[in-house]
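Chain by chain, the residues:
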Amino acid sequence: MKLISRYVLTEFFRILAMTLMGLVLVFLIVDFLDRIDNFMEVHMSLGRVGYYYLMSIPAVVFQLAPVAVLIAILISLGLLARHSEIVAMKASGVSLYRVSMPLFAASIMISLLVFGLSDTVLPNTSSEVNTIWNVEVEQQRDSASPLRKDVWFRSEDGIINFKIYNQETKRARGVSLSRLTRNFRLVERIEALSGDLQDGVWVFHNGLVKTYPPNGKVFVRHFEAERIPLPDLPEEFAQVQRAADEMSFADLSNWIRRMENEGYDPLRYRVDLQLKLAFPFLCAIMALIGLPLALWKEKGGGTALGIGVGIGLSFVYIVFLGLSRSLGYSGLLAPVLAAWMPNMIFTLLGLFLFTHVKQ
């Protein structure tokens, strides 16, 4: 049995390597053709473009690994079936479950490797890719710029929002301050076009003060300039919102805790945290689906159809995951359910397909 497992795994990993390299190459070529106009507009050098795509490879491998596992299983077992090797194994008393177990175990190992890739390499490379595209191609401001957009800060006086904040000059545009009671009832809201820090006191310019008394009436007062005794904005709260793919699992967990401690709702980040765990294990789930599809016919002949069905199922999963993630972001689904529900459904599908394989 060890000899058969070694033989099957050798064929699987050989085809997996070729499949993954082919998929990554096609993806990069298509992406380059789609973005070449953007690179030419900013006169980006060929070396810089090459570095951009070199840094993109880990993210592409992360996204395409499940599809590569599925295709590799369909092709490797399909070739064995075409050469009547599956029939020979069954005739010698080896069940198809025994043939499938090494491949499924290998897919679990690949899932763990993909998770390790997303937790160690991917945050750094994704940060590089995002910086090159946003700063050098899209001409957006660098993260080192003193300007910050959409800054939120919670103080003892309430919740403050600056649409644009300059850390160096301590000036803000699009200012709003919401004062709340301990029961989170809104008692006052101040809105101003701009504000700046003068002698340790914030001064808001050209704004409105809306007061909400318990009787339900709203009082509105306009002002040209008004001094608001607020603390200086701490530098750590003026940081740009970080993308989830630029953080490891531990970093994202700490980021969520920090937002919760400051009174914000990190719902999207909770969903992204669960997705960091759920998506890598799609490799094992795709193997669970691919194995019965590949073993559907003992003598092969349906490899092309199996590959077509498998790729179609991959696209169905992507659509389903996108819908589930959107429901999680909107709060209609719990983060755990939003991330893991597609995996659970496709796992049940794979188990159902296995029950229809002739042993």
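A quick note: this is a predicted structure, and the numbers were derived from the prediction, not measured.

Asker: Tell me about the pairing of strand β4 (residues 186-198), and please be specific about residues and values.
Answerer: Summarising the sheet, strand β3 (residues 171-180) and β4 pair through nine bridges and their orientation is antiparallel. Its bridge partner being in β4, Arg171 is matched across the sheet by Asp196. Of the strand pairs in this sheet, β4 and strand β5 (residues 201-211) are connected by 10 bridges, and their pairing is antiparallel. Following the sheet pairing, Leu197 is matched in β5 by Trp202. The loop that links β4 with its antiparallel partner β5 comprises two residues; one of these, Asp199, has a positive phi angle of about 55°.

Asker: Help me get a handle on the environment of Pro335, residues and values and all.
Answerer: Inspection of the secondary structure puts Pro335 in helix α10 (residues 335-354). Along the sequence, Pro335 and Arg268 sit 67 residues apart, while their C-alpha atoms lie 8.2 Å from each other.

Asker: Can you tell me about helix α6 (residues 249-261), naming the residues and giving the values?
Answerer: The α-helix advances 3.6 residues per turn, and as a result positions three or four apart in sequence lie on the same side. Compared with an ideal rise of 1.5 Å per residue, which puts 13 residues at 18 Å, α6 spans 19 Å between its outermost C-alpha atoms and is within 8% of the ideal. Residues Leu252, Ser253, Trp255, Ile256 and Met259 constitute the buried set of α6. Seen from one end, α6 has its buried residues packed into an arc of 160°, which puts them on one side. The secondary structure elements touched by the buried residues of α6 are α7 (267-278).

Asker: Give a description of the nonpolar core that names residues and reports values.
Answerer: In terms of nonpolar packing, the biggest core is built from 46 residues, with Phe12, Val69 and Leu77 touching the most fellow members. Every element with two or more residues in this core is listed here: α1 (2-41), α2 (46-82), α3 (85-91), α4 (96-120), α7, α8 (282-294), α9 (303-329) and α10. Top element by residues in this core is α2. It accounts for 11 residues. Core analysis: the next-biggest nonpolar cluster, separate from the first, contains 16 residues, Ala172, Ala192, Phe204 and Val209 among them.

Asker: Got a sec to walk through the packing of α1 against α2? Specific residues and values, please.
Answerer: Running from N to C, α1 and α2 cross one another at 140°; their axes reach a closest spacing of 5 Å. By the angle class used here, α1 and α2 are oblique. Relative to α2, the crossing made by α1 is right-handed. Its residues assigned to classes, the contact of α1 with α2 comprises 30 nonpolar, three polar and three charged.

Criteria and thresholds
- Residue numbering note: each chain is counted from 1, following its sequence as written.
- Whole-chain, interface and lining totals are the exception, using all residues; otherwise, since this is a predicted model, local features are given only for residues with pLDDT of at least 70 and side-chain atom pairs are given and counted only at 80 or more.
- Only hydrogens and water are set aside; all other atoms, that is, all heavy atoms of the structure, feed into the side-chain values.
- In this analysis, strands are considered paired if DSSP registers two or more bridges between them.
- Numbered from the N terminus, helices here are DSSP runs of H or I no shorter than four residues, and strands are runs of E no shorter than two.
- Given a helix with a known number of residues, its expected span is that number minus one, times 1.5 Å.
- Remark: exposure states derive from per-residue accessible area (1.4 Å probe, protein chains only) relative to the maximum for the residue type, with buried under 20%, exposed over 50%, and partly exposed in between.
- Within this analysis, the arc is defined by the directions that extend from the helix axis to the C-beta atoms.
- Any two residues having at least one pair of non-hydrogen atoms within 4.5 Å are treated as being in contact.
- To form a nonpolar core, buried Ala, Val, Leu, Ile, Met, Phe, Trp, Tyr and Cys residues must be joined to one another through side-chain atoms within 4.5 Å.
- Here an axis means a line fitted to C-alpha atoms, over the contact stretch when the element is a helix, while the angle between two N-to-C directions is reported on a 0 to 180 degree scale.
- Note on terminology: angles under 35 degrees are roughly parallel, angles over 145 are roughly antiparallel, angles of 65 to 115 are roughly perpendicular, and the others are oblique.
- The hand of a helix crossing depends on one turn: near helix anticlockwise from the far one by less than a right angle means left-handed, and clockwise means right-handed.
- Each residue gets one of three labels, nonpolar for Ala, Val, Leu, Ile, Met, Phe, Trp, Tyr, Cys and Pro, charged for Asp, Glu, Lys and Arg, and polar for the others, Gly among them.

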